[in-house]
Amino acid sequence: MAKIISGKELSAKLKAEMAAEVATFPAKYGRVPHLVVILVGEDPGSVSYVTGKAKASAEVGIRNTTIRKPDTISEAELLEIVDQLNADPEVDGILVQLPLPKHINSDKVIAAIDKSKDVDGFHPLNVAALWQKHPCTLPCTPKGIIKMLKSAGVEIAGRNAVVIGRSNIVGLPVSKLLLDENATVTTAHSRTRNLGEVTRKAEILVVAIGRPKFVTADMVSDGAVVIDVGVNRDPETGKLCGDVDYAAIEPKASVITPVPGGVGPMTICCLMENTIECFLRRF
Ligand code: GUN
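Residues numbered from 1 in each chain as written. Predicted model: local features only at pLDDT ≥ 70, side-chain atom pairs only at ≥ 80, totals over all residues. Heavy atoms only, no water.

Trainee: Quick question: what am I supposed to make of empty space enclosed by the protein here?
Mentor: Over the atoms, a rolling probe the size of a water molecule traces out where space has been left empty. Using the criterion set out here, one finds one cavity of 30 Å³ or more in the structure. Roughly 30 Å³ of volume is contained in the largest cavity. For the lining of the largest cavity, the residue count by class is four nonpolar, no polar and two charged. (1 Å grid on protein atoms, 1.4 Å probe; cavity = no way out; pocket = protein on both sides within 12 Å on 5 of 7 lines; lining within 4 Å. Points joined across faces, edges and corners; volume = space filled by probe spheres on them. Nonpolar A, V, L, I, M, F, W, Y, C, P; charged D, E, K, R; others polar.)

Trainee: Which parts of the structure should I look at to understand helix 8 (residues 171–180)?
Mentor: Helical periodicity: at 3.6 residues per turn, an α-helix aligns residues three or four positions apart in one direction. For helix 8, the tally of buried residues reaches seven of 10 residues, placing the bulk of the element in the interior. Among all positions of helix 8, only Gly171, Pro173, Val174, Ser175, Lys176, Leu177 and Leu178 are buried. Backbone geometry just downstream of helix 8 places asparagine 182 in the positive-phi region, at approximately 70°. (Buried < 20%, exposed > 50% of the residue type's maximum accessible area, 1.4 Å probe, protein only. Helix = DSSP H or I, 4+ residues; strand = E, 2+ residues; numbered from the N terminus.)

Trainee: Which parts of the structure should I look at to understand the pattern of salt bridges?
Mentor: Pairs can form between side chains of opposite charge once their charged atoms are near each other. Taken as a whole, this structure holds 16 salt bridges when the rule is applied. A salt bridge links glutamate 181 to lysine 150, with the shortest nitrogen-to-oxygen separation between them at 2.9 Å. One end of the pair, glutamate 181, is in the loop between helix 8 and strand 6 (184–188); the other, lysine 150, is in helix 7 (residues 140–151), with 31 residues separating them in the sequence. Given the relative accessible area of 25%, glutamate 181 is considered partly exposed. One connected set of salt bridges, linked through shared partners, spans Lys143, Lys147, Glu273, Glu277 and Arg281. (Salt bridge = Lys/Arg side-chain N within 4 Å of Asp/Glu carboxyl O.)

Trainee: Would you take a moment to explain the site of the ligand for this structure?
Mentor: Near the ligand, the surroundings consist of Leu95, Val96, Gln97, Leu98, Asp120 and Phe122. Valine 96 places a polar main-chain atom, nitrogen or oxygen, 2.8 Å from a nitrogen atom of the ligand. One nitrogen or oxygen atom from the side chain of aspartate 120 is found 2.6 Å from a nitrogen atom belonging to the ligand. Considered on its own, the ligand offers 280 Å² of accessible surface; in the complex 82% of this is hidden by protein. Of the residues assigned to the shell around the ligand, the class counts are four nonpolar, one polar and one charged. (Near = heavy atom within 4 Å. Polar contact = N/O pair within 3.5 Å; in protein donor to acceptor, adjacent residues only side chain to side chain. Areas by Shrake-Rupley, 256 points an atom, 1.4 Å probe, with all protein chains shown as cover.)

Encoded structure:
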C-alpha cells in the first residue's frame, strides 16, 4: 500500500496560507495581485484549466482576468494584447494558455511576455536562469512536483530519478529541479531503448508523456516513488486517468500521486504562488 500524496489537500492548505497573506496586501500595497490569462480557442482541456485558474485565484484573493479570443485571432493581434498587458502597471502576471493554434508561433508569443510578468516561467530568460541556477520564476508543474515530494518526506538527494518526457513545460525543467536536489537523473523519452529496464532503476519515477496508463506495473520497482503528471481520458471508461496504471502500480509503490487530485491542483497552486512573487517584486 503506497502513501498517497493528495495534491488536492496540500494545495488547499497552501492556498489558505496564501489567502491570509494576500488579505494583508491592500493595506500594504494598495491592491491585490492581478493575473491575466489569455485563452485562444475552445479546446475543452484548455477551457477546463483556465476555469480552474480563475477559481483558485478567487480562493486566494488574486484578481483574475481571463481574455478569451477565437482561434482565428492572428499572431499580430495576440502580440498586441501581450504588449498592452506588459505596459499595464496593474497587471502582475500574464499567462497564455498552451497549446496555441498552429498558425501562431508559441515561442514568439512567450518571448514577447515581459519576463517579470511571466508567471509560467516559460520565457527564454527565465528558462536560462533556471539552467544557470539564478533566481527565477519556476515553471508551475515542476515546482509543484518538488513540493509534493518534500511534503511526503521523500529523500531526493543521491537517489535515482527517472523522468519520462522531455517537454519544455514539464520533462526538462523537472529533470533540472531534481538534479538541483542532487538526484541522479535520467530523462527518458520516445526514442529510449528498453524503457522498462530504465524505469525499473527509478527510485523516483516522474511520468509526463500524456498517454493513458502507459506505465505498467512491470516497469516499476517495488518501493518506487511514482509521480503521475498525465491527465488523459481512459479510452475504456471515459474517466480521467494518468500516464500510469494506478490500480496495478499503487500496491508496489511506496508513494504515489493520484489522477485527478494529484499534480494538477499543485500546478495551479504554484501558479498562484508565482503570481504573488511577481506582484511582490514590483514593490
Ligand atoms: N498548457 C498545459 N500546461 C500549461 C501550463 O502550465 N501553462 C500554460 N500556459 N499552458 C499550459
